[in-house]
Amino acid sequence: MPSDFVVRPIGIIHSCYPEKFGIPRQPGLVKSATARLEMLEPFNHLEMFKGLERFSHIWLQFLFHGTVDEGWKRTIRPPSLGGREKVGVFASRSPHRPNHLGLSAVRLVRIAREGRQVFLDLAEIDLLDRTPVLDIKPYIPYSDRLDDAGDGYTKPFEGPAVEVVFSKGVMDFCDCYERKTGRKLRELIFETLSLDPRPASHRPRMGEYGMLFWDVNVRWRVEQGVFQVIGCEGTGEEAGE
Ligand code: SAM
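Criteria and thresholds
- Residues numbered from 1 in each chain as written.
- Predicted model: local features only at pLDDT ≥ 70, side-chain atom pairs only at ≥ 80, totals over all residues.
- Heavy atoms only, no water.
- Near = heavy atom within 4 Å.
- Polar contact = N/O pair within 3.5 Å; in protein donor to acceptor, adjacent residues only side chain to side chain.
- Areas by Shrake-Rupley, 256 points an atom, 1.4 Å probe, with all protein chains shown as cover.
- Nonpolar A, V, L, I, M, F, W, Y, C, P; charged D, E, K, R; others polar.
- Domains from an automatic or database assignment.
- Buried area = accessible area lost by both parts, 1.4 Å probe.
- Buried < 20%, exposed > 50% of the residue type's maximum accessible area, 1.4 Å probe, protein only.
- Helix = DSSP H or I, 4+ residues; strand = E, 2+ residues; numbered from the N terminus.
- Pairing = 2+ DSSP bridges.
- Contact = heavy atoms within 4.5 Å.

Quick word on the site of the ligand
1) Next: As a structural note, the neighbourhood of the ligand is formed by 21 residues, with Q26, R93, L103, D126 and T131 the closest of them.
2) Next: Separating a nitrogen atom of the ligand from a side-chain N or O atom of S104 is a distance of 2.9 Å.
3) Next: Relative to its free-state accessible area of 590 Å², the ligand is covered by the protein chains to the extent of 91%.
4) Next: Here the shell around the ligand is built from residues that sort into 10 nonpolar, seven polar and four charged.

As structure tokens, this is what we get:
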């Protein structure tokens with residue numbers, strides 16, 4: 001057996017999340033979080049996906065490319081423990097891990113070909129824009145769904161963590177952006193912020209935050225536990241790419 005083995009990307013993710021901050025911590029939490037997986041040669045052929053359209057969800061194995069330069073750690077502080085307690089890297093889903101391999105079960109919306117290019121349209125993702133995908137497999141409920149699995153130190157998702165309200169100006173911006181691009185920006189902002197993307201150490205604080213959704217910089221203010229979305233700037237001009 002070789003002492004190392006080179007893997008190469010089969011495709012590249014174009015995601016609604018261009019920056020790490022604010023991306024959901026697991027797939028399935030934000031239904032309106034979408035991505036397009038652009039297949040690369042020599043994997044850019046519809047015959048390689050024949051039959052996959054019969055599945056609602058797929059497993060993606062990918063590279064946490066955004067943390068490769070940051071290296072890995074033996075122990076990490078998972079957000080679900082409030083950042084107070086350390087666990088071993090292999091007891092975590094941290095991107096700061098040996099080999100930087102990620103694994104997500106995401107919704108397969110459709111398989112498309114435009115000209116010579118094959119795309120997979122995906123939803124419910126937790127992936128950074130430009131993530132290199134290393135493999136794709138169908139999600140198989142009879143084997144992959146484990147009804148008797150324990151939660152470990154994680155807490156089951158119990159719905160929105162915070163209240164999110166929009167200013168009139170932001171609602172108008174989102175409507176206009178959706179008309180122009182077809183992107184459901186308002187739903188995406190609402191669902192993503194409802195999970196409270198702030199680091200655990202910021203949770204008690206009031207203050208202003210910003211986050212990118214596609215090319216839109218969204219600003220919100222936290223006051224008495226309510227997230228008020230107060231500003232949006234962006235054009236949606238790269239949407240047709
Ligand atoms: N579901 C995957 C897993 O378990 O392997 C990812 C879990 S990891 C906790 C999810 C976080 O990884 C996201 O919130 C985002 O901050 C980060 N992330 C997603 N894609 C990434 C990438 N390509 N490079 C670095 N970090 C990424």
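Moving on, there is more to tell.
With respect to the domain arrangement of the protein
1) Next: Its domain assignment divides the protein into domain 1 (11-144) and domain 2 (163-239).
2) Next: The largest share of the area that domain 1 buries against domain 2 comes from C16, F21 and S32, three residues that together contribute 38% of it.
3) Next: Here domain 1 is connected to domain 2 by five residue pairs in polar contact (both at pLDDT 80 or more).

Structural notes on the pairing of strand β11 (residues 216-223)
1) Next: The two faces of β11 differ: V216, V218, W220 and V222 on one face are buried, but N217, R219, R221 and E223 on the other face are not.
2) Next: Bridge count for strand β10 (residues 207-213) against β11 is seven bridges, and the pairing is antiparallel. Its bridge partner lying in β11, G207 is registered against V222.
3) Next: The turn linking β10 back onto β11 is made up of two residues, and W214 within it adopts a positive phi angle of 50°.
4) Next: As paired strands, β11 and strand β12 (residues 226-233) are joined by seven bridges and run antiparallel to one another. Counted as the bridge partner of V222 is F227 from β12.
5) Next: In textbook terms, the turn of a hairpin is the stretch between consecutive antiparallel strands, and for β11 and β12 this stretch comprises two residues, one of which, Q224, has a positive phi near 50°.

Some points on the side chain of Q117
1) Next: In this fold, Q117 is placed in strand β7 (residues 117-123).
2) Next: Side chain to side chain, Q117 and N44 meet in a polar contact 3.3 Å long.
3) Next: The contact partners of Q117, leaving out residues within four places of it in the chain, are E38, M39, N44 and A112.

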